[in-house]
Amino acid sequence: MNFQSSLFREVSLEAIREIFAGVLHEDSIREARLLDGGMFNTTYFVIYGQEGKERQAVLRLGPVNRERLMGFEENLMRAEEYVYDLCQEIGIPCSNVLACDTSRQLIDRDFMIVEYIPSVVMSNAPLTREQQDSLYFRLGEYLRQFHGVTGQSFGFVSRLLEGKAFSKWSDALAFEVEDMSGKLERAGGASPEEGEAIRRPFYEERNRKLLDEIQTPHLLHTDLWAGNVLLDRDTLEVKAIIDSDRAMFGDPDFEFSSPWMNIPPMEAGYGLEPPETWSWQRKRRKLLYRSVYLLLEAYVGIGEYNNPQLYRERKEQLMETLAKLEFL
């Protein structure tokens, strides 16, 4: 399963029974099966209820060793619940939350229970190239809807729900880079000099001015890939977009700056302008955004998932990206 991750830990059937009894008043657990997949949460497929009236759900338990988390990761389940409510309002298919508990009274972990959606994960579906491209085009259309939601402040939804809001886009990014780079240093993944080199661009006046040209906070998913898309098993149409917990309010270009978002059919569905037509200001912002993603994944590799290869690759790419800023 996911035993490599420092954040993953199984729980007993009795603990699952206590959770369902405590929040759904259902103590009859017919089946609880550990699901493969994510490295952050520990996830179970659960059948519960009296015989003849069984229901199916997915239980997601938050990470252990929470001292390893980045700051924005400390309130992710509440953020996910909030974003699902928004998705339902604007017609984007998503999970239906049955319970979300961050009190840590029933169990010393945050947890969420959602209705089970009979489906196949897009990354596991037997898709032809044509089907895959069509689905990515549709996901681009959904992203356009997603970005149509605007807010009053910049920053991760998880931060905003805890009262940490930013009136400037530059402040929101600098705050996260400060947190992530500090975590990377303390995990032994960067020297103090490297940490300073990572932070410096986000405090330079010319970059802050560029970032603050972004005046409207748009809702961004930031983690939309095939592993977070559920498809109908028969029609292979999108049934749900899930794992919206890392959503934030910011510049839509931030969405398309991650290492895994260079997907032409999705860009076409979204209506994204070809990069060769972008202004130098927009290209420079994209380099800054890309460095945030690479910094995040470098820390995840060494600090959370025990994945040295991910850490090494992302750190090397991060330093290369920062160097490119000197020539643009």
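Scoring rules and cut-offs
Residues numbered from 1 in each chain as written. Predicted model: local features only at pLDDT ≥ 70, side-chain atom pairs only at ≥ 80, totals over all residues. Heavy atoms only, no water. Pairing = 2+ DSSP bridges. Helix = DSSP H or I, 4+ residues; strand = E, 2+ residues; numbered from the N terminus. Salt bridge = Lys/Arg side-chain N within 4 Å of Asp/Glu carboxyl O. Buried < 20%, exposed > 50% of the residue type's maximum accessible area, 1.4 Å probe, protein only. Core = buried A, V, L, I, M, F, W, Y, C linked by side-chain atoms within 4.5 Å. Contact = heavy atoms within 4.5 Å.

Q: Would you mind going over the pairing of strand β10 (residues 238-241) with me for this structure?
A: Two faces, one strand: in a regular strand the side chains alternate between the faces of the sheet. Alignment of strand β9 (residues 229-231) against β10, held across 3 bridges, turns out to be antiparallel. Among the inter-strand pairings, Leu231 is bridged to a residue of β10, identified as Val238. Turn length for the β9-β10 hairpin, with the two strands adjacent in sequence and antiparallel, is 6 residues, and the turn residue Leu236 shows positive phi of about 60 degrees.

Q: Help me understand the pattern of salt bridges in this model?
A: Evaluated as defined, the whole model comprises 24 salt bridges. The salt bridge partner of Asp245 is Arg60, with a shortest N-O separation of 3.9 Å. With Asp245 in the loop between β10 and β11 (248-250) and Arg60 in strand β3 (residues 55-61), this pair connects stretches of sequence that are 185 residues apart. Just as Asp245 is buried, Arg60 falls in that class too. Residue Glu81 pairs with Arg78 through a salt bridge whose shortest N-O separation is 2.8 Å. With a gap of 3 residues between them, Glu81 and Arg78 both fall in helix α2 (residues 76-90), about one helical turn apart.

Q: What is the right way to read the nonpolar core from this model?
A: One recurring pattern in soluble globular proteins: nonpolar side chains tend to sit buried together. Trp169 and Phe254 are the most contacted members of the largest nonpolar core, which totals 41 residues. Counting only elements with at least two residues in this core, the list comes to α5 (169-186), α10 (280-304) and α11 (308-324). Here this core gets 11 residues from one element, more than from any other, and that element is α10. Beyond its immediate chain neighbours, meaning those up to four positions away, Trp169 contacts Phe154, Leu211, Asp212, Ile214, Met248, Phe249, Gly250, Asp251, Phe254 and Tyr289. Listed in part, the 39 residues of the second largest apolar core include Tyr142, Val149, Val157 and Leu236.

Shape descriptors only; they carry no functional weight alone.
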